[in-house]
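# Inside the fold
The chain contents come next:
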Amino acid sequence: MMKLFSSKTLTSLGLMFALSVSGFALAADEPVVAPAAAEVTVPAMPDPAAMPDAATMPDAAAAMPEPAAAAAPAEAAPAAAPTPNKGDTSWMLVATLLVIMMSIPGLALFYGGLVRSKNMLSILMQVFTIFALITVLWAIYGYSLAFTPGNAFFGGFDRLFLKGIFDPMTGSVANAATFSKGVVIPEFAFVAFQATFAAITVALTVGAFAERMKFSAVLIFAVLWFTFAYIPMAHMVWFWPGPDAFTDADAATAAVAASGWLFQKGALDFAGGTVVHINAGIAGLVGAYVVGKRVGYGREAFTPHSLTMTMVGASMLWVGWFGFNAGSALEAGGTATLAFINTLNATAAAALTWTLAEWMLKGKPSMLGAASGAVAGLVAITPACGWVGVGGALAIGALAGVVCLWGVSGLKKLLGADDALDVFGIHAVGGILGALLTGVFNTWSMGGTGILDYVNNTVIDTSIGAQVWIQAQAVLTALIWSGVVAFIVFKLIDITMGLRVPEEQEREGLDVANHGERAYNM
């Protein structure tokens, strides 16, 4: 794949892929300068004070300056630095709020309804606290390590504590690039938007080892896994210097070399199939293995205590996901609407196919199945939503409903892990499916968008075989990197402080044992 970036190829394609919504480029502290307009020669008008009175002009035409005698053309003024569009900025703020709602309360309620009533508050507390914890860490060092220049795996320290973004002397805020040349958004909007991605990714993992892990161990895991798994994956997939860096073949070569490792390969991940879902799903599975099965697993019925809350949470996830996916376009334009309609359609298709498949297999359709199908569709369309057409999105959603149903039933039995809330079966399996199918449906022949050529300012097609192979490399990277980091982190915690609560506390319930309160007092 590295041959893709030879100077000859870059001349014809310029860069490739503005990868993902989240593949967002950070503008320099100085605003990015838009391409200069072509120089126009304008003849200078004569000075009115120097012109003779009309009455003394025997031949007005002869008195006018000849074009050849016009003053030398004025130098073209430098192009003004781009400024954020208020519509784009407003949309990014709304999208950020939607993703916050996905986590708290959306994900919290979805997970909370699935656990037993004695563990309801514990799962709410884990999701809520992780969201707050990762938000703070993102401001301190996470954003800097993920979205500033460094190497192919980690960024640098230029934005520690978000320094350099706000200038108190002038009251100005630095800008971040989008996927269009000369178009920017306030960097704080980008920082906040990406913070929500980091927070919900870490929170997703807790569903796999719910109902038996110490609260302190959960928080230590969150810090370490965020630092050594989420941050490098985000940098590898989404960091690049921005579209304005791709001015010619040589500049494109340099820009690609400065990008994240998987971005260099050309991996397409619009909103987080690899960075969020596969990343969290494999970490959750590793946690389920290392922490061990719940007391009574396989002998007692672990039924959800409130499918009503799960349905409400799933609905909030569906609504919030429009900010997650459409917001990843970073602009309020056509690409955002494509991601929006694909998110809507794929989710609906997955909910239907899961429901129908379950109906056929078990004789009855369930509310849990419909909600799980919707989440499976949301997961699968995430990497593809801005890269495929409507038909591709419907196909991805329909397949996700069936494949993820197998992921939480047949595959789960094969793996033998107590993945309590099916984090791997839905998020990892759905993320893998969506990431691979992005390579299939991105091509024009399948109704996809193709990829952007920033040197020649055009759009080009992709090859299904080549792009699927690139996507597979991204999938494998996420599985191996996150899985290894998670295993090391869990083992370190287990050795130093222990992962599990005592059996008697697990039987009593984590609400009382860890937090001294109950979700329900009847």
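As shown above, the structure is provided for reference.
Below or above, wherever it landed, is the structure these notes cover. From a predicted model like this one, the values you see are computed outputs, not experimental measurements.

We now examine a nonpolar patch on the surface. Taken together, Leu476, Ile480, Val484, Phe487, Ile488 and Leu492 make up a surface patch of nonpolar side chains, about 560 Å² in accessible area. Within the secondary structure, Val484 is located in helix α16 (residues 464-496).

Here the focus is the packing of helix α3 (residues 86-114) against helix α10 (residues 307-326). Close contact between α3 and α10 brings their axes to 7 Å; oriented N to C, the two are set at 155 degrees. Here α3 lies roughly antiparallel to α10, going by the angle between them. Every pair of crossing elements has a handedness; the one defined by α3 and α10 is left-handed. Class assignment for the residues of the contact of α3 with α10 results in 22 nonpolar, 6 polar and no charged.

You can see Thr355 is positioned in helix α11 (residues 334-362). Judged by its relative accessible area of 17%, Thr355 is buried. From its side chain, Thr355 meets the backbone oxygen of Ala351 in a polar contact 2.7 Å long.

Our focus in this paragraph is the environment of Gln126. Here Gln126 is to be found in helix α4 (residues 120-147). Of the residues examined, Gln126 reaches a relative accessible area of 3% and is grouped as buried. Note: C-alpha distance between Gln126 and Ala203 (77 residues apart in sequence) is 7.5 Å.

With that out of the way, let us pick up the environment of Ala81. Positionally, Ala81 belongs in the loop between α2 (60-63) and α3. Placed 101 residues apart in sequence, Ala81 and Gly182 show a C-alpha to C-alpha distance of 8.1 Å.

Relative to the elements of secondary structure, Ala192 occurs in helix α5 (residues 187-205). The class for Ala192 is partly exposed, based on a relative accessible area of 32%. Expressed as a C-alpha distance, the spacing of Ala192 and Leu93, which sit 99 residues apart in the sequence, is 8.3 Å.

Conventions we followed
- Residues numbered from 1 in each chain as written.
- Predicted model: local features only at pLDDT ≥ 70, side-chain atom pairs only at ≥ 80, totals over all residues.
- Heavy atoms only, no water.
- Patch = residues over 30% accessible without salt bridge, like charges linked within 9 Å, V, L, I, M, F, W, Y side chains within 5 Å.
- Areas by Shrake-Rupley, 256 points an atom, 1.4 Å probe, with all protein chains shown as cover.
- Salt bridge = Lys/Arg side-chain N within 4 Å of Asp/Glu carboxyl O.
- Helix = DSSP H or I, 4+ residues; strand = E, 2+ residues; numbered from the N terminus.
- Axes fitted to C-alpha atoms, helices over the stretch in contact; angles between N-to-C directions.
- Parallel < 35°, antiparallel > 145°, perpendicular 65-115°, else oblique.
- Left-handed = near helix turned anticlockwise from the far one by under 90°.
- Nonpolar A, V, L, I, M, F, W, Y, C, P; charged D, E, K, R; others polar.
- Buried < 20%, exposed > 50% of the residue type's maximum accessible area, 1.4 Å probe, protein only.
- Polar contact = N/O pair within 3.5 Å; in protein donor to acceptor, adjacent residues only side chain to side chain.

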